[in-house]
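Structural features, examined
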There are 2 protein chains.
Amino acid sequence: MPTTVAEPGRTTKGEQTRALILHTALDLFRERGYEETTMRLIAHEAGVAPGNIYYYFRSKEHLIQGFYALSLDEHVAASQPVLAQETDLRARLLGVMRAKIETSEPYHRFSGLLFKSAADPSSPLSPFSPESHPVRQACTALFAEVLTGSKTRVPDDLQAELPNLLWLYHMGIILFWLHDKSPQRVRTYRLIEHTVELIARVIGLATVPLLRPIRTRVLRLLTDLRQDTS
Amino acid sequence: MPTTVAEPGRTTKGEQTRALILHTALDLFRERGYEETTMRLIAHEAGVAPGNIYYYFRSKEHLIQGFYALSLDEHVAASQPVLAQETDLRARLLGVMRAKIETSEPYHRFSGLLFKSAADPSSPLSPFSPESHPVRQACTALFAEVLTGSKTRVPDDLQAELPNLLWLYHMGIILFWLHDKSPQRVRTYRLIEHTVELIARVIGLATVPLLRPIRTRVLRLLTDLRQDTS
DNA sequence: GTCTATAACCGGATAGAC
DNA sequence: GTCTATCCGGTTATAGAC
C-alpha cells in the first residue's frame with residue numbers, strides 16, 4: 001500500500017495516537033458539526049487527556065489540516081476509474097469534478113471551515129499557505145493528469161498554466177457546493193456539467209487566430225502571477 | 001446629507017450608543033487587529049459594560065457586518081469622481097476597482113475576517129447571505145452604473161448579468177489583495193489593470209458571430225444560476 | 001527525549017438584577 | 001438600556017510518567 005499524503009509511513013506509538021485523535025475528531029465533526037464538537041469531547045472519545053491533543057495538533061483548526069490530506073487521498077482514489085478509462089478531456093474533467101463532490105459529501109456540514117481560513121493570509125490552514133503546498137500540489141497534479149491523459153492536444157504554454165487554473169476553478173465549485181441547499185446537490189452537479197462544457201470549448205478555441213491577442217494577454221498575466229505566489 | 005447604508009436616519013439614544021460601540025470597535029480592529037481586540041477592551045474604550053455590547057450586536061463577528069456597510073459607503077463616495085468624468089468603460093471600471101482597494105487599505109489587516117464567513121452558509125455574515133443582501137445589492141448597483149454610464153454599448157442580455165459577474169470579480173480581487181504582501185500592494189494594482197483590460201476586451205468580443213454559441217451558453221448558465229440564489 | 005495528565009487562564013457569550 | 005456575575009470552551013503551563 002502506497003504512502004499517502006495524509007499519513008506518512010511511520011507507525012510509532014505517537015503516530016498511532018495522532019491518527020486516533022484525528023479520526024475521532026473528524027468522525028465527531030461529521031456527526032455533530034465543528035462548533036458542537038468540543039476539544040474535551042474529542043479527548044474523551046479518543047481516551048486521552050484534553051491537553052494532550054495539543055501535543056499533536058497546534059489548535060482545533062489544525063485538525064482540519066488533517067482533513068485536507070485525507071480528503072485529497074479519497075479524491076485521487078475516486079478519480080482513478082475515469083482517468084483510466086476515458087480519453088476525452090470533457091469526460092475526464094467531469095469525472096474528476098464529480099469525484100470531488102461525491103467524496104466530499106459526507107463532510108459537507110463542516111467543509112466550510114476549510115474556506116474560513118482561505119481568507120486569512122497568516123493562517124497555515126489557508127489553501128494558499130506554504131503549509132498547504134503539498135496538498136495543493138498533489139491536487140494540481142491530478143488536474144495535470146486530466147489534461148495529459150486526454151487525446152485533446154493542448155498547446156504547451158497553456159498546458160503549463162491550466163492545472164493551476166483548474167485547481168482554482170475547483171475551489172470555486174466547492175464554494176458553490178458549500179452554499180448549495182438543493183436536493184441531492186443537483187445545482188452543483190448541473191453547474192459542473194455546464195462549466196466543464198464551457199472550459200472544454202474555451203480550450204478548443206485557444207488556437208483560433210482572432211483570439212490570439214487575448215490569449216497572449218491571459219498567459220502573460222498568469223505567468224506574471226505565478227512569479228512569487230507558487 | 002443622504003441616509004447611508006451604514007447608518008439609518010434615526011438618532012435615538014440607542015442608535016448613538018450603537019454607533020459609538022461600532023466605531024470604537026472598528027478603530028481598535030484597525031489599530032490592533034481583530035484577535036487582539038477583546039470585547040472587554042472595546043467596552044472599556046467605549047465606556048460601556050462588556051455585556052452591553054451584546055444588546056446591540058449579536059456577537060463579536062457581527063461588528064464586522066457594520067464594517068461591510070461603512071466600507072461600501074466609502075467605496076461609493078470614492079468612486080464618484082471617476083464615474084462623473086470618464087465615459088470609457090475601461091477607465092470607469094479601473095477607477096471603481098482602484099477606489100475599492102484604496103478605501104479598504106486601512107482595514108487590510110482585518111479584512112480577512114470578512115471572507116472567513118464567506119464559506120459558512122449558515123453565517124449571516126457571509127456576503128452571499130440574505131442579511132448581506134442590501135450591501136451586496138448596493139455594490140452591484142455601483143457596477144451597473146459603471147456600465148450604464150459608459151459610451152460602450154453593452155447588449156441587453158449581457159447588461160442584465162454583468163453587474164453580478166463584476167461583483168464576483170471584485171470579490172476575487174479582494175481575496176487576492178488580502179494575500180498580497182508586495183510593497184504598496186503593487187501586485188494587486190497590476191492585477192486590476194490587466195484584468196480590467198481583459199474584461200473590456202471580452203465584452204467587446206461578445207458580439208463576434210464565431211463566439212455566439214459560447215456566449216449563449218454562458219448567458220444560459222448565468223440566468224440559470226440566479227434562479228434561486230438572488 | 002517522547003509522551004500524558006492536571007489545573008489554571010483567558011476571552012467570548014449569557015442570565016438576570018436594576 | 002445598562003450593569004454584574006457567571007458560564008463555557010479553546011488553550012497553556014507545568015509537572016511528571018514511560
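In this report, the structure presented in the accompanying data block is examined. Numbers given for residues are sequential positions, taken from 1 along each chain in its written order. The lettering of chains begins at A and the numbering of ligands begins at 1, in the order of writing. With pLDDT at 70 or above as the cut-off, local features in this predicted model cover only qualifying residues; side-chain atom pairs require 80 or more to be listed or tallied, and sums for whole chains, interfaces and linings still use all residues. Side-chain numbers come from the whole structure's heavy atoms, not from hydrogens or water.

**A look at the overall build of chain A**
The helix and strand tally for chain A stands at ten helices and zero strands. In chain A, the order of α-helices and β-strands from amino to carboxyl end is α-α-α-α-α-α-α-α-α-α. With the C-alpha coordinates aligned to their principal axes, the bounding extent of chain A is approximately 65 × 40 × 35 Å. We call a residue buried when its accessible area falls under 20% of the maximum for its residue type, exposed when it is over 50%, and partly exposed in between, using a 1.4 Å probe and counting protein chains only. For chain A, buried positions account for 50% of its 230 residues. For chain A, the proportion of contacts with a sequence separation of at least 24, taken over those separated by at least 6, is 68%. Residue burial considers only the protein chains on display, and all accessible areas are found by Shrake-Rupley using a 1.4 Å probe. Surface summary for chain A: the accessible area is close to 11500 Å², and the carbon and sulfur share equals 56%. When the 27 basic and 25 acidic side-chain charges of chain A are each reduced to a single mean position, those positions are 3 Å apart. A run of DSSP states H or I qualifies as a helix once it reaches four residues; a run of E qualifies as a strand once it reaches two. Both are numbered from the N-terminal end. Whether two residues touch is decided by their heavy atoms; if any such pair falls within 4.5 Å, the residues are in contact. Lys and Arg are tallied as positive, Asp and Glu as negative. Neither His nor the chain termini are counted. Every charge is mapped to an atom, namely NZ of Lys, CZ of Arg, CG of Asp or CD of Glu.

**Here's the deal with the pattern of salt bridges**
By convention in these notes, a salt bridge is any Lys or Arg side-chain nitrogen within 4 Å of a carboxyl oxygen on Asp or Glu. Applying the stated criterion to the full structure yields 20 salt bridges over all chains. Residue A:Arg153 pairs with A:Asp156 through a salt bridge whose shortest N-O separation is 3.7 Å. Comparing A:Arg153 with A:Asp156, the two get one shared label, exposed. B:Asp224 is the salt-bridge partner of A:Arg190, the closest N and O atoms lying 3.0 Å from each other. With A:Arg190 in helix H9 (residues 186-205) and B:Asp224 in helix H10 (residues 212-229), this residue pair bridges two chains.

**Focus: the nonpolar core**
Residue types Ala, Val, Leu, Ile, Met, Phe, Trp, Tyr and Cys, when buried and joined through side-chain atoms within 4.5 Å, form a set referred to as a nonpolar core. A:Ile42, A:Leu63, A:Phe143, B:Ile42, B:Leu63 and B:Phe143 are the most contacted members of the largest nonpolar core, which totals 133 residues. Once residues lying within four places of it in the same chain are set aside, the contact partners of B:Ile42 are B:Ile21, B:Thr24, B:Ala25, B:Leu28, B:Phe29, B:Thr37, B:Ile53 and B:Leu63.

**Observations concerning unusual backbone geometry**
One non-glycine residue, A:Gln184, lies in positive phi territory at about 60°. On the secondary structure map, A:Gln184 appears in the loop between helix H8 (156-179) and H9. Positive phi outside glycine occurs at B:Arg185, with the angle close to 60°. By the element assignment, B:Arg185 lies in the loop between helix H8 (156-179) and helix H9 (186-205). Take B:Arg185: its relative accessible area is 15%, and that puts it in the buried class.

**Some words on the relation of the copies chain A and chain B**
Both copies of the chain are tied together by a single rotation about an axis and a shift running along it. Mapping chain A onto chain B leaves a residual RMSD of 0.1 Å; the transformation is a rotation of 180° accompanied by 0.0 Å of translation along its axis. Expressed as an axis order, the relation between the two copies is that of a two-fold axis. The position closest to the rotation axis in chain A is occupied by the C-alpha of A:Lys116, lying 1.9 Å away. In this assembly, 100% of the residues forming the interface of chain A have copies in chain B that are likewise at the interface, indicating an isologous arrangement. Least squares is used to superpose the copies, and the fit set is the C-alpha atoms of residues whose pLDDT is at least 70 in both copies.

**Let's talk about the protein's contact with DNA strand D**
Taken together, 17 residues are adjacent to DNA strand D, and A:Met39, A:Arg40, B:Ala49, B:Tyr55 and B:Tyr56 come closest. Put simply, a residue is near a molecule or strand once any heavy atom of it comes within 4 Å of that molecule or strand. In the interface set of DNA strand D, defined as its atoms within 4 Å of the protein, sugar plus phosphate atoms amount to 60%. In the analysis that follows, any N or O atom pair within 3.5 Å is treated as a polar contact, provided that within protein one partner can donate a hydrogen and the other can accept it, and provided that, for residues neighboring in sequence, both atoms belong to side chains. In this structure, A:Lys60 approaches DNA strand D through a main-chain N or O atom, which is 2.8 Å from a phosphate oxygen. Within the residue set of the surface near DNA strand D, elements represented by two or more residues are helix H2 (39-46) of chain A together with helix H1 (13-32) and helix H3 (50-56) of chain B. With four residues, H3(B) is the largest single contributor of residues to the surface near DNA strand D. Classifying every residue of the surface near DNA strand D by side-chain character gives six nonpolar, eight polar and three charged. When residues are grouped by polarity, Ala, Val, Leu, Ile, Met, Phe, Trp, Tyr, Cys and Pro land in nonpolar, Asp, Glu, Lys and Arg in charged, and all others, Gly among them, in polar.

**A few points about helix H1 (residues 13-32) of chain A**
Residue and element names in this part refer to chain A. Each helix should span, by expectation, one fewer than its residue count multiplied by 1.5 Å. With 20 residues, H1 ought to run about 28 Å at 1.5 Å a step, and its terminal C-alpha atoms sit 28 Å apart, in line with that. Taken as a whole, H1 has its buried residues at Glu15, Thr17, Ile21, Leu22, Thr24, Ala25, Leu26, Leu28 and Phe29. Count one or two residues on from H1 and you reach Gly33, which has phi positive near 90°.

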